[in-house]
Amino acid sequence: MIEVRSLCKSFDNKEVLRGIDATFEDGKTNLIIGQSGSGKTVFMKCIVGLFEPTSGELLYDNRNFLIMDKKEKIGLRREMGMIFQSAALFDSMTVLENVMFPLNMFSNDTFIEREARAKFCLDRVNLSEAYSKYPGEISGGMQKRVAIARAISLNPKYLFCDEPNSGLDPKTSLVIDELIQDITHEYCMTTIVNTHDMNSVMGIGEKIIFLCEGLKEWEGNSAKVMSAESKKLNDFIFASDLFKKVKEVEQEEIRVRDALL
Amino acid sequence: MFKGIQTFGKYLMLLGRVFSRPERLRVYFRQLIHEIESLGVNSSGIVILISLFIGAVITIQIKLNIQSPWMPPWVVGYTTREIMLLEFSSSIMCLILSGKVGSNIASEIGTMRVTQQIDALEIMGINSACYLILPKMVALMLFMPILVTFSIFFGIIGAYCTCWFVGIMTASDLETGLLHDFNAYFILSSYVKSIFFAFIISTVSAYYGYNVEGGSLDVGKASTNSVVSCSVLILFSDLILTKLLN
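Residues numbered from 1 in each chain as written. Chains lettered and ligands numbered in written order. Predicted model: local features only at pLDDT ≥ 70, side-chain atom pairs only at ≥ 80, totals over all residues. Heavy atoms only, no water.

1. Comments concerning the sheet that holds strand β10 (residues 215-220) of chain A
Residues and elements named next belong to chain A. The strand order across the open sheet built from six strands is β6-β7-β8-β3-β9-β10, with neighbouring strands paired in mixed fashion. Among the strands making up the open sheet, the edge pair consists of β6 (80-83) and β10. If you compare each strand with its neighbour and ignore which way they point, the axes differ by 20 degrees on average. Along the sheet, helix α1 (residues 40-48) makes contact with β3 (28-33), β6, β7 (158-162), β8 (190-195) and β9 (207-212), crossing β8 at roughly 155 degrees. (Pairing = 2+ DSSP bridges. Helix = DSSP H or I, 4+ residues; strand = E, 2+ residues; numbered from the N terminus. Axes fitted to C-alpha atoms, helices over the stretch in contact; angles between N-to-C directions. Contact = heavy atoms within 4.5 Å.)

2. Examining the interface of chain A and chain B
Listed by partner, the interface residues are 26 residues for chain A and 19 residues for chain B. Note on chain A versus chain B: buried area summed over both sides is about 2,000 Å², and carbon and sulfur give 59% of it. In this assembly, chain A and chain B are joined by one salt bridge. Among the ionic pairs, B:Glu122 bridges to A:Arg77, the shortest N-O distance being 3.8 Å. The tally of links from chain A across to chain B stands at seven residue pairs in polar contact (both at pLDDT 80 or more). Contributing elements (two or more residues each) for the side of chain A that touches chain B: α1, α2 (70-77), β6 and α3 (95-106) of chain A. Examining the composition of the side of chain A that touches chain B, we find that five residues originate from one element, α3(A), more than from any other. (Buried area = accessible area lost by both parts, 1.4 Å probe. Salt bridge = Lys/Arg side-chain N within 4 Å of Asp/Glu carboxyl O. Polar contact = N/O pair within 3.5 Å; in protein donor to acceptor, adjacent residues only side chain to side chain.)

3. Observations concerning the sheet that holds strand β2 (residues 14-24) of chain A
All names here are of chain A. Spatial ordering of the open sheet is given by β2-β1-β4-β5, a layout of four strands whose pairing is antiparallel. Every interior strand has two partners, whereas the edge strands, β2 and β5 (63-64), have only one. Where strand β1 (residues 2-11) and β2 come together, eight bridges link them in antiparallel fashion. Across the sheet, Leu7 pairs through a bridge with Ile20, a residue of β2.

4. A short note on the nonpolar core
With 67 residues, the main nonpolar core has A:Phe101, B:Tyr131 and B:Ile133 as its most contacted residues. At 18 residues, the largest contribution of residues to this core is made by helix α6 (residues 128-166) of chain B. Grouped together as the second largest cluster of nonpolar side chains are 49 residues, A:Leu127, A:Met142, A:Ala149 and A:Met226 included. (Core = buried A, V, L, I, M, F, W, Y, C linked by side-chain atoms within 4.5 Å. Buried < 20%, exposed > 50% of the residue type's maximum accessible area, 1.4 Å probe, protein only.)

5. Details of the environment of B:Arg26
Turning to its location among the elements, B:Arg26 is positioned in helix α2 (residues 25-40). For B:Arg26, a relative accessible area of 35% puts it in the partly exposed group. When near neighbours in sequence (up to four residues on either side) are disregarded, B:Arg26 contacts A:Asn104, A:Ser107 and A:Arg114.

6. A few points about the pairing of β7(A)
Residues and elements named next belong to chain A. Among the five residues in β7, five count as buried, and that is most of the element. Because side chains alternate across β7, one face comprises the buried residues Tyr158, Phe160 and Asp162, and the other comprises Leu159 and Cys161, equally buried. Handedness of the β-α-β unit built from β7, helix α6 (residues 170-187) and β8 comes out right-handed. (Right-handed = clockwise from strand over helix to strand, strands pointing away.)

7. Some thoughts on empty space enclosed by the protein
Scanning the model with the defined rule gives one cavity of 30 Å³ or more in all. Along the walls of the largest cavity sit 14 residues, with A:Met80, A:Gly81, A:Arg150, A:Ala151 and B:Met124 positioned nearest its centre. Counting residues per element, the ones that place at least two in the lining of the largest cavity are β6 and α5 (140-152) of chain A together with α5 (117-123) of chain B. Top element by residues in the lining of the largest cavity is β6(A). It accounts for three residues. Considering only residue class, the lining of the largest cavity consists of nine nonpolar, two polar and three charged. (1 Å grid on protein atoms, 1.4 Å probe; cavity = no way out; pocket = protein on both sides within 12 Å on 5 of 7 lines; lining within 4 Å. Points joined across faces, edges and corners; volume = space filled by probe spheres on them. Nonpolar A, V, L, I, M, F, W, Y, C, P; charged D, E, K, R; others polar.)

By themselves, these are just geometric observations and shouldn't be taken as functional.
Okay, structure coming up:
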């Protein structure tokens, strides 16, 4: 479980995060949603330690990340896996080498064992045909799946996904979302997904935090998100015509049901 | 002035991270071999080509412009050797390599920065500065004396070519000059200078690449800045090293 308490972050006196409190639970896909510029990426970068928060507390299973020394932080980071918006695969390595990289760095297994583990992870994301290909030779969706395989190769306790669906078509996005959720349940990881894709919100949002202008505006899950009373959240969700229509149909159904009763 | 001090401070802090204990020596050693091939072996061609032509041009220039009946015939060979040994093969060659190798390092690390590959390394708990920069630095410092040797050797071959193919003087006159009053310390001093320059090229260009912020345009700017800074630093340190080593 990851707990965030009163987290603030400023850049040159400009407050980007303004005292966020949140709890991300084990075995669930926790979503951070919000418009572009709402502070989602900064929030996630603070959680993983790429940015130093200005103030606040960050607890990984009751271990305060912000007061840890360098060695403890490195140790904790080995329990993390991250999928970046751009996949961030190493261009000079093949798909298999990319997945083997964390194992080469931190595992004491033999080469055969490391290779077997990497192949297992790639098979888990249905990429057994791409072992020897380079990142530049595979599609965006496949790159994301390699990034997932690399992130889970060391059996992390915490998985972070920064806009995993950006640049992907809806069908591939669905595959990636399902994969993230399946892996989260399978390994009982604490998964945090940063997204503004409403399909992901409805599909895998077991816990959702909505950020707006650096503040936590709403918290709930996919079942509650459509009926939330927060104006800012509604503005965000129903900016899409599709979801506007869904809302209208739902309201129409309720009206008909009420009339019949 | 303040910005310069700030940049130097950041550079020293980066070096502090570079000179930390590698996580897994086996992986670093493999990376070192790769960098020796990429930065060193792949630069051999350009070093050989430039040295061959410069050696030949120096010989022709000296023969045509300096040689006079008052000077002994070995002066051309002697002067060519001294220029190649003392300045060209160490300093000027490193200046040229700062363009090729320096921009390569800055753009490679800069691209890794903007595509979040460095962030990915950090998240894995890897010291990205050490993993990316240390093998490049060691590789270039190990291979630079070999490139200097190539440069000296092929510069002299270039000088011989002017005798064999252009016929401006006899090969034996050139040979007498090349062997005249030879001081082996000059080779050692060239190696020392080149190792120092290799350190400048690898770390300064890595600094520019590592601190890129933005996109591809900024990677290009970092690459240009690294070449300019490396060139200025090489010329400046050449002045100091020449005074110290002689």
